[in-house]
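# Summary of the model geometry
The chain contents come next:
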Amino acid sequence: MGSRPSLLLRDEELAEIQKETGFTANQIERLYSRFTALDKTATGALSREDFLRIPELAINPLGDRIVMAFFRQSDEDRVNFRQFVRVLAHFRPIKKGRENAYNSREGKLKFAFKLYDLDDDDRITKEELLAVLQMMVGENISEEQLISIAERTILEADMDGDGMIGFEEFCKVLDRSLVEQKMSIRFLN
Ligand SMILES: [Ca+2]
């Protein structure tokens, strides 16, 4: 019994997280109760299995990649609450004058870019693009069609002619409204 760690968020921690992520105190409290509900073993950190119990991630075709983004924040195979909210902060809608490194257009684009950059070398190759397209569409489109979509996308985005998509090139191809819309979740309004 006595070994269960405290599940309460300290005030100073709450203030720090608020400042860093832009979430309101109320939103953080609610995310924290979601976090502790997922943390079945009450260790103060989530494992990969804990994440897979989130229904929105389980049904998202890119769920695996998004789960990996949480673990990129961490050197271990567990994600603590701070790391958890940092990733979620990318999905805060952009409001004028209230953006930060996470939910700014650039922050959102960086997060999206990393979903495609499977080997984390800051370039998206045709193979990486193809792999992500396959995750997204499953078996609905033939391999040949997907290869042609991947090739066309690289051709259109690749301005320096290296056959890959760098971050700058990625930003140029993605339409502004699309990023802001797809990368925003109305949090607990
Ligand atoms: Ca890469």
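An unreviewed UniProt entry lists the protein chain under the name Calcineurin b subunit, with Isotomurus palustris given as the organism. Quoted straight from UniProt, the Sequence similarities (unreviewed entry) entry for the protein chain says "Belongs to the calcineurin regulatory subunit family. CHP subfamily."

Every protein donor of the calcium ion is accounted for by D117 (OD), D119 (OD), D121 (OD), R123 (O), E128 (OE) and E128 (OE), and the metal-donor separations fall at 2.2 to 2.5 Å. Read N to C, the donor residues that coordinate the calcium ion are spaced as D-x1-D-x1-D-x1-R-x4-E.

Across all of its chains, the model carries 13 aromatic pairs by this definition. On the basis of an interplanar angle of 45° and a centroid distance of 6.2 Å, the ring pair of F51 and F84 is categorised as tilted. Taken as a pair, F51 in helix α3 (residues 48-52) and F84 in helix α6 (residues 81-89) lie far apart in primary sequence, 33 residues in all. Each member of the pair, F51 together with F84, is buried. An angle of 80° between the planes, with centres 5.3 Å apart, marks the rings of F91 and F111 as edge-to-face. In this pair, F91 is assigned in the loop between α6 and α7 (105-116) and F111 in helix α7, connecting sequence segments 20 residues apart. Joined through ring pairs, the aromatic side chains of Y32, F35, F51, F70, F71, F81 and F84 make up one cluster.

Before going further, it helps to examine the packing of helix α5 (residues 63-72) against α7. Relative orientation and spacing of two packed helices are given, respectively, by the angle between their axes and the distance between those axes. At a minimum axis separation of 10 Å, α5 and α7 run at an interaxial angle of 115°. Relative to α7, the element α5 lies roughly perpendicular. Judged by the twist between their axes, the crossing of α5 over α7 is right-handed. Counting all contacts with α5, which are made through R65, I66, A69 and R72, the residues of α7 involved are F111, K114 and L115. Its residues assigned to classes, the contact of α5 with α7 comprises four nonpolar, no polar and three charged.

It is worth spelling out α7 at this point. If you check α7, its first and last C-alpha atoms are 17 Å apart, about what 12 residues at 1.5 Å a residue would give, namely 16 Å. Those residues of α7 that fall on the buried side of the exposure criterion are G107, K108, L109, F111, A112, F113, K114, L115 and Y116.

Applying the stated criterion across every chain yields a total of 13 salt bridges. K110 serves as the salt-bridge partner of E106, at 3.6 Å between the closest nitrogen and oxygen. With E106 and K110 both in helix α7 and four residues apart, the pair spans about one turn of that helix. Judged by relative accessible area, E106 falls into the partly exposed class, the value being 45%. Classification of K110 by relative accessible area gives partly exposed; the value is 45%. For K126, the salt bridge identified is with E151, shortest N-O distance 3.0 Å. Within this pair, whereas K126 is found in helix α8 (residues 126-137), its partner E151 is found in helix α9 (residues 143-157), the two being separated by 25 residues in sequence. Given a relative accessible area of 27%, K126 falls into the partly exposed group. On the basis of relative accessible area, E151 is assigned to the partly exposed category, the value being 38%. Salt bridges sharing common partners tie together E16, E20, R82 and R86.

So, on to the nonpolar core. F51, F70, F81, F84 and F170 are the most contacted members of the largest nonpolar core, which totals 48 residues. Taken together, the elements giving at least two residues each to this core come down to α1 (11-21), α2 (25-38), α5, α6, α7, α8, α9 and α10 (167-173). Residue contributions to this core reach at least three from each of two domains, namely domain 1 (11-89) and domain 2 (105-180). For F70, the residues in contact, after removing those within four places along its chain, are F51, V79, F84, V87 and L88.

Reading the values: the criteria
Residues numbered from 1 in each chain as written. Predicted model: local features only at pLDDT ≥ 70, side-chain atom pairs only at ≥ 80, totals over all residues. Heavy atoms only, no water. UniProt positions renumbered as here; feature names shortened; annotations may be inferred. Donors = N, O, S within 2.8 Å, 3.2 Å for Na, K, Ca; no water. Phe/Tyr/Trp six-rings, centres within 6.5 Å; stacked < 30°, edge-to-face > 60°. Helix = DSSP H or I, 4+ residues; strand = E, 2+ residues; numbered from the N terminus. Buried < 20%, exposed > 50% of the residue type's maximum accessible area, 1.4 Å probe, protein only. Axes fitted to C-alpha atoms, helices over the stretch in contact; angles between N-to-C directions. Parallel < 35°, antiparallel > 145°, perpendicular 65-115°, else oblique. Left-handed = near helix turned anticlockwise from the far one by under 90°. Contact = heavy atoms within 4.5 Å. Nonpolar A, V, L, I, M, F, W, Y, C, P; charged D, E, K, R; others polar. Expected span 1.5 Å × (residues − 1). Salt bridge = Lys/Arg side-chain N within 4 Å of Asp/Glu carboxyl O. Core = buried A, V, L, I, M, F, W, Y, C linked by side-chain atoms within 4.5 Å. Domains from an automatic or database assignment.

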